[in-house]
Amino acid sequence: MEYRFKSLTIFEFQQRFSNEDSCYEYLSELKWGNGFVCPQCGHTHYCRGKRKHDRQCTSCHRISSPTSGTLFHKVKFSILKAFYIVYYVSTSKKGISSTELSRKLGLRQKTCWLFKKKVMKAMESSGNNKMDGNIEVDETVVGGQEEGVVGRKNKKKKLVVFAIEKKGRGVNRMYGQLIEHSSAKELGAFMKSNIELSANIKTDNWTGYKPLAKDFGNLTQILSGEKGGNFPELHRVIMGFKSWLRGMHHRVIHLQSYIDEYCYRFNRSNMKEGLFENLILRMVNQRPMTYKQIIV
Ligand SMILES: [Zn+2]
């Protein structure tokens, strides 16, 4: 895949975020730029808290920080390093491993892995912008030895359903979802959250898609063809995902996060700028994640 987006250079990034203060100021602006609202009582007046960037509600006295209630909540290391992780994740063309982040930033690998999972959470599809027009849907198997994943433990194969939105001869957007079975129920749930009901959808002849024609009025089933020959763009996208996964991650646990990360990058590969800003904003708008939620 070709990535052409222009992003913040490391020099620009370092000028803009030279210390912790500048990070907190940036988060405050995103969080409270349109005015302060107390998360506890909804009051809109505040006074300064003990710490420089905290705000205290003048009605119930609850203290809010720029990071509270966001994915930056309770980050145990410097906020500046957290910004660096978001920067590296957003600007590296093919993603960056937690081992490499650990080396660059002098943090433990586990620490980087946990925080990167939060960044990946922010990369999840919001579901607000469903795909429309010409859509293709198909399932594929990920993992297992035929994918070059070695080791006995990794024999487990996983089923993933992918959908693409076509644009001319190319692909505009893609989404993917890990599923247990290729059932109408699971395929339908994925399609309903990512595709408009009126879209022109093409699937293969699999029986699981048949009942979905009730909801999706323009669903057509055709033969898949040899090795998916009738779905060339979709299969190219799937191959691209699989080769990225092989190159980046040697295990297929937490597969959904990797699918989300890949789709996020793919869907923004034409975005010329603003990837870093987009990710930080998404992190501010997301609820915090607990350790338990991260490791499931
Ligand atoms: Zn309050």
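Here the structure is a predicted model, which is why all the values come from computation and not from measurement.

Caption draft 1: Highlighting the overall build of the protein chain. Of the regular secondary structure elements, the protein chain holds 10 helices and 8 strands. Expressed along its principal axes, the backbone C-alpha trace of the protein chain runs to roughly 65 × 40 × 35 Å. Scored against the burial criterion, the 296 residues of the protein chain give a buried share of 47%. Restricting the contact set of the protein chain to residue pairs at least 6 apart, pairs at least 24 apart contribute 61%. By element, 50% of the accessible surface of the protein chain is carried by carbon and sulfur atoms, the whole surface being about 16000 Å².

Caption draft 2: Quick look at the packing of helix H3 (residues 79-91) against helix H5 (residues 109-122). Between H3 and H5, the least distance of the axes is 10 Å, while the angle of their chain directions is 60°. In this structure, the crossing between H3 and H5 has a hand that is right-handed. The segment H3 lies against H5, with Ala-82, Ile-85, Val-86 and Val-89 engaging Cys-112, Phe-115, Lys-116 and Val-119. For the contact of H3 with H5, a count of residues per class yields 7 nonpolar, no polar and 1 charged.

Caption draft 3: Structural view of the sheet that holds strand E1 (residues 46-48). An order of E1-E2-E3 is seen for the 3 strands of this open sheet, with the pairing classed as antiparallel. A single partner strand is all that each edge strand has here, and the edge strands are E1 and strand E3 (63-64). In this sheet, E3 lies alongside strand E2 (residues 55-57) in antiparallel orientation, the contact comprising 2 bridges. Along E3, the bridge assignment pairs Gln-56 with Ile-63.

Caption draft 4: Structural detail: the confidence of the model for the protein chain. With 91% of its residues at a pLDDT of 70 or more, the protein chain has an overall mean of 89. Counted against residues more than four places away or in other chains, residues 1-5, with its pLDDT under 50, gives 15 contacts.

Caption draft 5: The arrangement of the coordination of the zinc ion in detail. Taken together, the protein donors to the zinc ion comprise Cys-38 (SG), Cys-41 (SG), Cys-57 (SG) and Cys-60 (SG), at separations of 2.2 to 2.3 Å. For the zinc ion, the 4 donor atoms in the first shell make angles of 102 to 115° at the metal, so the coordination geometry reads as tetrahedral. The sequence pattern formed by the donor residues of the zinc ion is C-x2-C-x15-C-x2-C. Of this pair, Cys-41 sits in the loop between helix H2 (20-32) and E1 while Cys-60 is found in the loop between E2 and E3, placing the two residues 19 residues apart along the sequence.

Caption draft 6: Up close: the pairing of strand E4 (residues 134-142). Burial analysis of E4 places 7 of its 9 residues in the buried class, which makes it a mostly covered element. The sheet contact formed by E4 and strand E7 (residues 200-203) spans 3 bridges and is parallel. Paired with Ile-135 across the strands is Ile-201, a residue of E7.

Caption draft 7: Examining the nonpolar core more closely. One finds Phe-72, Phe-83, Ile-85 and Phe-115 to be the most contacted residues of the largest nonpolar core, which totals 60 residues. Elements represented by at least two residues in this core include exactly H2, H3, helix H4 (98-105), H5, strand E5 (158-167), helix H7 (232-248), helix H8 (255-267) and helix H9 (275-285). The greatest single-element share of this core, amounting to 10 residues, is contributed by H3. Setting aside chain neighbours within four positions, we find Ile-85 in contact with Phe-77, Leu-101, Leu-105, Leu-107, Cys-112, Phe-115 and Val-119.

Cut-off values and rules
Residues numbered from 1 in each chain as written. Predicted model: local features only at pLDDT ≥ 70, side-chain atom pairs only at ≥ 80, totals over all residues. Heavy atoms only, no water. Helix = DSSP H or I, 4+ residues; strand = E, 2+ residues; numbered from the N terminus. Buried < 20%, exposed > 50% of the residue type's maximum accessible area, 1.4 Å probe, protein only. Contact = heavy atoms within 4.5 Å. Areas by Shrake-Rupley, 256 points an atom, 1.4 Å probe, with all protein chains shown as cover. Axes fitted to C-alpha atoms, helices over the stretch in contact; angles between N-to-C directions. Left-handed = near helix turned anticlockwise from the far one by under 90°. Nonpolar A, V, L, I, M, F, W, Y, C, P; charged D, E, K, R; others polar. Pairing = 2+ DSSP bridges. pLDDT = per-residue confidence, 0-100. Donors = N, O, S within 2.8 Å, 3.2 Å for Na, K, Ca; no water. Tetrahedral: all angles 85-135°; square planar, octahedral: opposite > 155°, others 65-115°. Core = buried A, V, L, I, M, F, W, Y, C linked by side-chain atoms within 4.5 Å.

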